[in-house]
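Observations on the three-dimensional arrangement
Read off the chains here:
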Amino acid sequence: MPDPSSPDPAQGWTPTRRDVLRAGLVLGAATSGLATIDVIDRMRERPAATGTLAAGVRRIPSMCQMCTTACGIIANVRDGRLLTIEGNPEDPNSQGSVCAKGVAGPSVLYDPYRLLYPLRRVGRRGEGRWRRITWDEAYTEIASHLRAIRESGRPEEFAFQQGRNRSKDVVRRFLNAFGTPSHFTHRALCSLNRRAAILATIGESDWDLGDYEHSRYILNFGCNWAEAHQGHIPVAIRMMRARENNAAKIVTFDARLSNTAALSDEWFCIKPGTDGLVALAMSNVICSEGLWNKSWFDTWCNYPADDYAEHLRPYTPEMAAQESGIPAEVIRRLAREFAEAAPRCTTICNRGSHAHRNGFYNDRAITLLNALVGNMGQVGGWCWHPKAEWDDDQFPEPGPVPPKPTARSVIAEAKDWPLANAWQGREMKVSQIVYQWIKERRQRVSALMTYNCDQAWAWPEARLVREVLTDENLIPFHVCVDVMYSETAHLADIVLPWTTYLERWDIDARPPQGLVDYVGLRQPVVKPLGESKDIREIFPALAHRIGGGMERYFPWRTAEEYFAEYFRPVPGGGLGYMRRHGAWQDPAKKPRYKPYERRLTAAELKGAETDPETGIIYKGTDPKTGRRLGIGIMIDGVPRHGFETPSRKVEVRSEFVADKGRAVDRTVDPLPVYDPIPSHRAGLGDDRLIMISFKWNVHNAHRTGQSKWLQEIVHTNPAWINRATAERLGLAEGDWIEVTSFRPNDPMVPNGDGSVLGSLRTRVHITEGVHPSVIAISHNFGRQYGGPIATNGRDQARNPGYGQSADGDAENCWWAGTLSVPQNDIMPIYPDPVSGQQAYHDTVVRVRKA
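Because the structure is a prediction, the values reported are computed rather than measured.

Turning to the overall build of the chain, a few remarks are in order. Along its length, the chain carries 29 helices and 28 strands. The C-alpha atoms of the chain give a radius of gyration of 26 Å, which matches the 29 Å a tight globule of 850 residues would have. If one aligns the C-alpha atoms of the chain with their principal axes, the spans along those axes are about 70 × 70 × 65 Å. Buried residues in the chain amount to 66% of all 850 residues. Considering only residue pairs separated by 6 or more positions, the chain has 74% of its internal contacts joining residues 24 or more positions apart. Within the structure as shown, the chain displays about 29,700 Å² of accessible surface, and the carbon and sulfur contribution to it stands at 49%.

Here we come to helix H8 (residues 232-246). For H8, with 15 residues, the first-to-last C-alpha span of 20 Å sits near the 21 Å given by 1.5 Å per residue. In terms of residue burial, H8 counts as a mostly covered element, since 12 of its 15 residues are buried. Three or more residues of H8 are buried, namely His232, Ile233, Pro234, Val235, Ala236, Ile237, Arg238, Met239, Met240, Arg241, Ala242 and Asn246. Where H8 ends, the next residue or the one after it, alanine 247, has phi of about 55°, a positive value.

Before going further, it helps to examine helix H14 (residues 328-341). Every α-helix winds through 3.6 residues per turn, so residues three or four apart in the chain are directed the same way. With 14 residues, H14 ought to run about 20 Å at 1.5 Å a step, and its terminal C-alpha atoms sit 20 Å apart, in line with that. When H14 is considered as a whole, its buried residues turn out to be Ala328, Val330, Ile331, Arg332, Leu334, Ala335, Phe338, Ala339 and Ala341.

Two quantities define a packed helix pair, namely the angle between the helix axes and the distance between the axes. The contact between helix H5 (residues 135-151) and helix H6 (residues 168-178) brings their axes to 10 Å, and the two run at 50°. Taken together, the axis directions place H5 and H6 in an arrangement best described as oblique. In contact with Leu146, Ile149 and Arg150 of H5, H6 contributes Phe174, Ala177 and Phe178. When the residues that make up the contact of H5 with H6 are grouped by side-chain class, the tally is 5 nonpolar, no polar and 1 charged.

Our next topic: the environment of cysteine 190. One can find cysteine 190 in the loop between strand E8 (183-184) and helix H7 (192-202). As for cysteine 190 and isoleucine 348, which are separated by 158 residues in sequence, their C-alpha atoms are 16 Å apart. Those residues in contact with cysteine 190 that lie beyond four places of it in its chain are Arg164, Gln230, Arg351, His354 and Gln837.

A few words now on the sheet that holds strand E22 (residues 638-640). Within the open sheet, the 4 strands sit side by side as E19-E20-E21-E22. Their pairing is antiparallel. The open sheet has two edge strands, strand E19 (609-610) and E22, and neither has a second partner.

Before going further, it helps to examine the pairing of strand E3 (residues 72-78). With 6 of its 7 residues buried, E3 lies for the most part within the structure. In the sheet, strand E2 (residues 57-63) pairs with E3 via 7 bridges, with the strands oriented antiparallel. Note that in E3 the partner of arginine 58 across the bridge is valine 77. Inspection of the sheet shows E3 paired to strand E4 (residues 81-87) by 6 bridges, in the antiparallel sense. When the bridges of E4 are listed, isoleucine 74 appears paired with glutamate 86. Linking E3 to E4, which pair antiparallel, is a turn of 2 residues; within it aspartate 79 sits at a positive phi near 55°.

Scanning the entire structure with this criterion turns up 36 aromatic pairs. When the ring of tryptophan 384 is compared with that of phenylalanine 643, the centres are 5.8 Å apart and the planes differ by 35°; the resulting orientation is tilted. A residue pair is termed long-range when its members are at least 10 positions apart, and tryptophan 384 in the loop between helix H16 (359-373) and helix H17 (410-413) and phenylalanine 643 in the loop between E22 and helix H25 (655-663) qualify at 259 residues. The pair formed by tryptophan 384 and phenylalanine 643 is uniform in burial state, with each residue classed as buried. The interplanar angle of 65° and the centroid separation of 5.5 Å between the aromatic rings of phenylalanine 694 and tryptophan 696 together place this pair among those described as edge-to-face. Of the two residues, phenylalanine 694 and tryptophan 696, both sit in the buried class. In this arrangement the basic side chain of arginine 132 is found over the ring face of tyrosine 117, its NZ or CZ atom lying 3.7 Å from the centre.

So, on to the packing of H7 against H16. As a packed pair, H7 and H16 sit with axes 8 Å apart at the nearest point and diverge in direction by 50°. With respect to H16, the element H7 is oriented oblique. Both H7 and H16 take part in a crossing whose hand is right-handed. Touching Asn193, Arg194, Ala196, Ala197, Ala200 and Thr201 of H7 are Gly359, Phe360, Asp363, Arg364, Thr367 and Leu368, all from H16. Across the contact of H7 with H16, the residue classes break down as 5 nonpolar, 4 polar and 3 charged.

The subject of this paragraph is the pattern of salt bridges. Per the counting criterion, the structure on display carries 69 salt bridges. The partner of glutamate 413 in a salt bridge is arginine 408, with the nearest N and O atoms 2.5 Å apart. Judged by its relative accessible area of 22%, glutamate 413 falls in the partly exposed class. Note on arginine 408: relative accessible area 52%, which makes it exposed. Put simply, Arg166, Lys168, Asp169, Glu389, Arg504, Asp506, Asp508, Arg522 and Arg536 are held in one network by salt bridges that share partners.

Bringing the environment of arginine 216 into the picture now. Tracing the sequence through the fold places arginine 216 in the loop between H7 and strand E9 (217-221). Assessed through its relative accessible area of 42%, arginine 216 is described here as partly exposed. Sequence spacing of arginine 216 and leucine 189 is 27 residues, and the spatial spacing of their C-alpha atoms is 32 Å. For arginine 216, the contacting residues outside a window of four places in its chain are Asn246, Ala247, Ala248, Lys249 and Arg344.

Another aspect to go through is the confidence of the model for the chain. In low-pLDDT segments, the atomic positions of the prediction should not be examined closely. Across the chain, the average pLDDT comes to 91, with 91% of residues at or above 70. Residue range residues 1-49 is modelled with pLDDT below 50. Its contacts to residues more than four positions away, or to other chains, number 99 contacts.

This part covers the side chain of glutamate 204. With respect to the helices and strands, glutamate 204 occurs in the loop between H7 and E9. Here arginine 592 takes part through its side chain, which lies 2.3 Å from a polar atom of the side chain of glutamate 204.

As a further point, take unusual backbone geometry. Note that the residue after alanine 342, namely proline 343, is joined by a cis bond; omega there is 5°. Mapped onto the secondary structure, proline 343 falls in the loop between H14 and strand E12 (345-349). Note the cis peptide between glycine 399 and proline 400, where omega equals 0°. Tracing the chain through its elements places proline 400 in the loop between H16 and H17. A positive phi is found at glutamine 95, a non-glycine position, where the angle reads about 50°.

We now examine the side chain of histidine 354. Residue position: histidine 354 is located in helix H15 (residues 351-354). With a relative accessible area of 0%, histidine 354 lands in the buried category. Polar contacts involving the side chain of histidine 354 include one to the main-chain carbonyl oxygen of cysteine 190, which spans 3.4 Å. For histidine 354, the residues in contact, after removing those within four places along its chain, are Cys190, Ser191, Leu192, Asn193, Arg194, Gly359, Asp363 and Gln837.

Procedures and definitions
- Residues numbered from 1 in each chain as written.
- Predicted model: local features only at pLDDT ≥ 70, side-chain atom pairs only at ≥ 80, totals over all residues.
- Heavy atoms only, no water.
- Helix = DSSP H or I, 4+ residues; strand = E, 2+ residues; numbered from the N terminus.
- Rg over C-alpha atoms; globule rule 2.2 N^0.38 Å.
- Buried < 20%, exposed > 50% of the residue type's maximum accessible area, 1.4 Å probe, protein only.
- Contact = heavy atoms within 4.5 Å.
- Areas by Shrake-Rupley, 256 points an atom, 1.4 Å probe, with all protein chains shown as cover.
- Expected span 1.5 Å × (residues − 1).
- Axes fitted to C-alpha atoms, helices over the stretch in contact; angles between N-to-C directions.
- Parallel < 35°, antiparallel > 145°, perpendicular 65-115°, else oblique.
- Nonpolar A, V, L, I, M, F, W, Y, C, P; charged D, E, K, R; others polar.
- Pairing = 2+ DSSP bridges.
- Phe/Tyr/Trp six-rings, centres within 6.5 Å; stacked < 30°, edge-to-face > 60°.
- Lys NZ or Arg CZ within 6 Å of the ring centre and 35° of its normal.
- Left-handed = near helix turned anticlockwise from the far one by under 90°.
- Salt bridge = Lys/Arg side-chain N within 4 Å of Asp/Glu carboxyl O.
- pLDDT = per-residue confidence, 0-100.
- Polar contact = N/O pair within 3.5 Å; in protein donor to acceptor, adjacent residues only side chain to side chain.

In structure tokens:
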């Protein structure tokens, strides 16, 4: 906690490196999770306005990008140097709170191992030999390669691989102007199943926003919101308010004792992949005991309540107990408590439930728990918002806007999976098969550009990715754009030094936890270091050099000029207002409760037709499919907006997903079901365990792995094994083990032959905080390149792309050489057969004492 001698919060207290360490250490100790909120709350007690904190210190609002949550921040800057970072109270989502990752921003900005100059490789790819080049040289060579591809008439041969992308507008503009559809994302490595389950059910949104702040009961299936959720801080502060103000109960199902589990009233150590079965059993109890809101279900769902109850009849608490390990009476009790709290109850879930071979069905079952008790869209219930970011009707992208590509990409479309890219306008790509398919030559890639991504370390079967990136016959030309040197940069031909989020511009926002959309500004708080540049400068420069009409989509001289146009609709000064405040929210908009009940206006109904059998109100047709467009539904004689599904109701039974399955000769059940994971039933034995993955609270993939401040808090990743399991295997704390992974023995999965994939050696951490059938390893470690503690980091210490070190104790990393293993090297490519989501928590491994 902050020292008692720290300045009064009203005088602008800002956290020091010591406070960062303390906050992170508190979060790292699961039993002390509540104390962390004190750190967060202290950070929120700030003056809101920009101006001065102390003599000569400027307060500049912006947005964090140390993780995907994009919290509002205020940078304290003096004489052009960033001193500290704190939360921005004017950000509607994070409301002035910030986590240890956000506070550690300066450690990334001023990292002595940052890339600050363009590099061209010399020698063979992967040798790690570089020479510094000018930006003009880099632009000329890159433009030459890309121009040749574009002029060949095969624009799809230029592939773009991104990681987390908070500059979506300019990336989309550049790729569309070029004409390539080969835009590879990380969606299936993140949240594809969660999004698909929500879209299949309500249509309008692919992300749920439980009204946690007003809820009284929260059922959490595998969501680590206190550490690693996409809504992290905005969700965490609202959960704690619910505890404080509503005496809300939080129940967590997770195979590991996370900090979220420690903050919960009850934690149940569930067997991986059985979350959906527990939800189905709870649903059975709610129906059989008459605890449901049957009237709401029959009014707003497309499947009769009695028929759904019949479908649920086989899923008894006893059956669920046998599979999941959760006692039948506990399942009954929790179902009753959840229903009793309705409508001020909600579920929340994430990778713990959906990152499985059966994850789509798991999250469908969990989502429909909410429909049974009628809490959808209710105050304190399960809510959503159609705008996952800012309102693009209020803030349209400045023109001219290039058309979408007409070329096709076999890899981006990934048609082997029924629900990949199934919803128009929704990015649902199967990330993990990209390099397997390039190796199989399913699509030619003549040039690859990697942006803010370290796929050579972070992807499943990372050894395969490195093999493909090394092969110049498969990828003749590779450009890497990133802040830090990495495993992927090591295998590039040209490396471009990208600015940190503290040196660049963006329009940004995240799903609004308060159910009112907003818009935020990320702006430079200091000038870019060295010769680093943002893609908002790189892409226009390349477009003008490639030519052929691309240049006309980049008429702005500077990013600031572009954003002056983008933010023109903001009252009170447009971009000027945003630069002073960092965020804007329309005061006329209200929280979006029960949107399905909205009565259609006379203008909306003009020219519309109502189907007498279904009650669906149609108006116009889809120009692509020719199908009539539904705009609402008649409910008791009143034209309502309804849900944006084919039936305009909650789709308990989804013929849409079933049809998508039939189109590729694959069965997709229209109802939520329990689909047992084959390898978990047949592949477990005395020395066989299920390997799961997790994130630490202070790390987020490769973006935080090189922060010295955050490394000092957590820098090692031993394997968590349950005490009873360790005794069975003859293991003691700290013993060395060999972990050997197997591909799934599953014909529905690529290379699903049950063969050995690979092995790693690590040490054991013995704990009661993990399921007896599980071995849990954090994926945040095992770096080979890119900093002082990477395996080969010191070999690159004189990399000509690095700047001059301004860090006096850069070499004082006392933790260098500690255990750090790359879990992704032994993680198989394992897509859910329905959607393509990576099954991160299903790999069967053999564990033996080394």
